[in-house]
Amino acid sequence: MGNQEVLGQAARLASSGLLLQVLFRLITFVLNAFILRFLSKEIVGVVNVRLTLLYSTTLFLAREAFRRACLSGGTQRDWSQTLNLLWLTVPLGVFWSLFLGWIWLQLLEVPDPNVVPHYATGVVLFGLSAVVELLGEPFWVLAQAHMFVKLKVIAESLSVILKSVLTAFLVLWLPHWGLYIFSLAQLFYTTVLVLCYVIYFTRLLGSPESTKLQTLPVSRITDLLPNITRNGAFINWKEAKLTWSFFKQSFLKQILTEGERYVMTFLNVLNFGDQGVYDIVNNLGSLVARLIFQPIEESFYIFFAKVLERGKDATLQKQEDVAVAAAVLESLLKLALLAGLTITVFGFAYSQLALDIYGGAMLSSGSGPVLLRSYCLYVLLLAINGVTECFTFAAMSKEEVDRYNFVMLALSSSFLVLSYLLTRWCGSVGFILANCFNMGIRITQSLCFIHRYYRRSPHRPLASLRLSPVLLGTFALSGGVTAVSEVFLCCEQGWPARLAHIAVGAFCLGATLGTAFLTETKLIHFLRTQLGVPRRTDKMT
């Protein structure tokens, strides 16, 4: 497969994933915006931070290491032993849900029952929903190992949408139920998710004419249940030991991934109301990163990994491959920089309006606008870091990756301390400032690696981080005009003034994009040639 074909494939994968996620997120976005109108920020904080952390921690401790170990060995194996090992996640899930549930009820601060009723029931049902989801683990791993991509997308999308619909219905008709609403909706979500996988495999294995049966290691639905294998071994001990290794490696990563929630939950740096507002703003701000930057990062990581030889100096590789990789990296960095700057500049003047439209006064008053403005700066760093790290991890040798991960571990540990100190000093915005600091260090490390990688070659992909003075001036002018517009037109002047503020922003955005179109000709050519390639009909399993 040639470089151009690989590049086109990566670009099509990014754009198709982007379209699919936009459609899915749009539906849930509208439903969640409706639900927020009927909730207090305290309930949002308890559900989105406290109870969701219980659910995610239980799942992580019970299944994450099993997933990584059982997906590491390819499809040619004794699947009976692998499936038996996966069923051990269920009793583990029961243990962790009971243990963590006791901590959540006995050791952590309990919310005021007059403000957040039925907290204990919420803890029990969120723990139960984690156990229910683990019942589908063997089906999930089998589907992932055999690339049933469409099944995963449909199952997760359908579950989340139905959960949001049920939550909206209960909030509208039975608002006094409190945490009962979200607990039942969570249990409903995991039940639907598991049923999607069970029903799919039941129908698939019941259709002998299906071509997919030829690739599956099971022929009946009962083969997916625990059973003693032919050689008498219940599990593959090699996989079991690998699971334990992955568990030790992943445990600290989980603490760091959910670091903000653990700091909020165990150190009480924010009250439940502030936790709720922060979590909503965090999810809203990260929406752009998940929709746009993540598909690009994942797809072009595959491209760089295929084109470049890992751990080999650029001067010792095929120069055509090095040149193509440099050109793509240059264009991606420029795209990330422009997208991030656009979000930062325009997000500053439209954060309050966006929060008011999305969640009403609960979000647009208080700390919400300051949080979202800070997050817009963080999105800029996220965009650049996503591109630089996808190249870095594709080009590094194994030893360099190990060293990088060790440094990242130290940085992430310092992030927990820094987030605690900054939150004590400046409230919930301290979490975002700590994230910005952490992301800045990561970007610096990746930029240093890229500079060293291309130092002896004629290619300078990092030059794309310099923008033309005309475009920088347009960004600055647009930021100034929209900031003045916000002062006079938003957000207490009524809808006519708001619409005028939006019109000012649309005009400035058009002028900025037009300037970028005229000045960044190389990037425009890249977008036209790669994202505009006629798509072949790719059948997804």
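For the structure itself, consult the block above.
Values in this document were obtained by computation on a predicted structure and should not be read as measured data.

A. Fine view of the overall build of the protein. Along the protein, the regular secondary structure elements total 19 helices and zero strands. Sorting the 541 residues of the protein into buried and exposed places 51% on the buried side. Across the protein, the fraction of contacts at a sequence separation of at least 24, relative to all contacts at a separation of at least 6, is 81%.

B. Seen up close, the packing of aromatic side chains. Tallying each qualifying case throughout the model produces 17 aromatic pairs. Centre to centre, the rings of W96 and F99 are 6.1 Å apart; their planes meet at 70°, and the pair counts as edge-to-face. In this pair, W96 and F99 are both assigned in helix α4 (residues 89–106), three residues apart and thus about one turn of the helix distant. Both rings, one in W177 and one in Y180, keep their centres 6.3 Å apart while their planes meet at 90°; by these two values the pair is edge-to-face. Residue classification places W177 among the partly exposed positions, given a relative accessible area of 29%. The structure contains a cluster of three or more aromatic residues connected by ring pairs, namely F304, F391, F449, Y453 and Y454. The ring centre of W140 lies 3.5 Å from the NZ or CZ of R67, which sits over that ring.

C. A positive patch on the surface, seen in detail. There is a patch of like positive charges on the surface, built from R403, R452, R455 and R456. In this fold, R403 is placed in helix α15 (residues 398–426).

D. The environment of S414, seen in detail. Considering the arrangement of structural elements, one finds S414 in helix α15. In this structure S414 comes out as partly exposed when scored by relative accessible area, which is 32%.

E. Just helix α18 (residues 495–519), in detail. In this model, α18 (25 residues) spans 36 Å end to end at C-alpha, consistent with the 36 Å of a helix rising 1.5 Å per residue. Those residues of α18 lying buried are A497, R498, H501, G505, C508, T512, T515 and A516.

F. Structural detail: a nonpolar patch on the surface. A cluster of nonpolar side chains, F34, F38, F169, L172 and W173, forms an exposed patch at the surface whose accessible area comes to about 540 Å². With three residues, helix α7 (residues 149–173) is the single largest residue contributor to the nonpolar patch.

G. Structural detail: the nonpolar core. Ranked by size, the top nonpolar core spans 139 residues in total, and within it W104, Y197, F201, F304, F391 and Y454 carry the most contacts. Tallying contributions element by element places helix α12 (residues 319–359) first for this core, with 16 residues. Those residues in contact with F201 that lie beyond four places of it in its chain are F139, L142, A143, F148, L151, L216, I221 and L224. Core analysis: the next-biggest nonpolar cluster, separate from the first, contains five residues, A349, L353, C490 and C491 among them.

H. Looking closely at the pattern of salt bridges. On inspection of all chains with the given rule, the structure shows ten salt bridges. A cluster of three or more residues bridged by salt bridges with shared partners is formed by R63, R67, E133 and E137.

I. A look at the packing of helix α3 (residues 79–87) against helix α6 (residues 137–145). The contact between α3 and α6 brings their axes to 8 Å, and the two run at 135°. Taken together, the axes of α3 and α6 lie oblique to each other. When you trace α3 past α6, the crossing you get is right-handed. Packed against α3, whose contacting residues are W79, L83, L86 and W87, the element α6 presents E137, P138, V141, L142 and A145 at the interface. Taken together, the residues of the contact of α3 with α6 sort by class into eight nonpolar, no polar and one charged.

Calculation rules
Residues numbered from 1 in each chain as written. Predicted model: local features only at pLDDT ≥ 70, side-chain atom pairs only at ≥ 80, totals over all residues. Heavy atoms only, no water. Helix = DSSP H or I, 4+ residues; strand = E, 2+ residues; numbered from the N terminus. Buried < 20%, exposed > 50% of the residue type's maximum accessible area, 1.4 Å probe, protein only. Contact = heavy atoms within 4.5 Å. Phe/Tyr/Trp six-rings, centres within 6.5 Å; stacked < 30°, edge-to-face > 60°. Lys NZ or Arg CZ within 6 Å of the ring centre and 35° of its normal. Patch = residues over 30% accessible without salt bridge, like charges linked within 9 Å, V, L, I, M, F, W, Y side chains within 5 Å. Areas by Shrake-Rupley, 256 points an atom, 1.4 Å probe, with all protein chains shown as cover. Salt bridge = Lys/Arg side-chain N within 4 Å of Asp/Glu carboxyl O. Lys, Arg positive; Asp, Glu negative; His and termini not counted. Charge placed at Lys NZ, Arg CZ, Asp CG, Glu CD. Expected span 1.5 Å × (residues − 1). Core = buried A, V, L, I, M, F, W, Y, C linked by side-chain atoms within 4.5 Å. Axes fitted to C-alpha atoms, helices over the stretch in contact; angles between N-to-C directions. Parallel < 35°, antiparallel > 145°, perpendicular 65-115°, else oblique. Left-handed = near helix turned anticlockwise from the far one by under 90°. Nonpolar A, V, L, I, M, F, W, Y, C, P; charged D, E, K, R; others polar.

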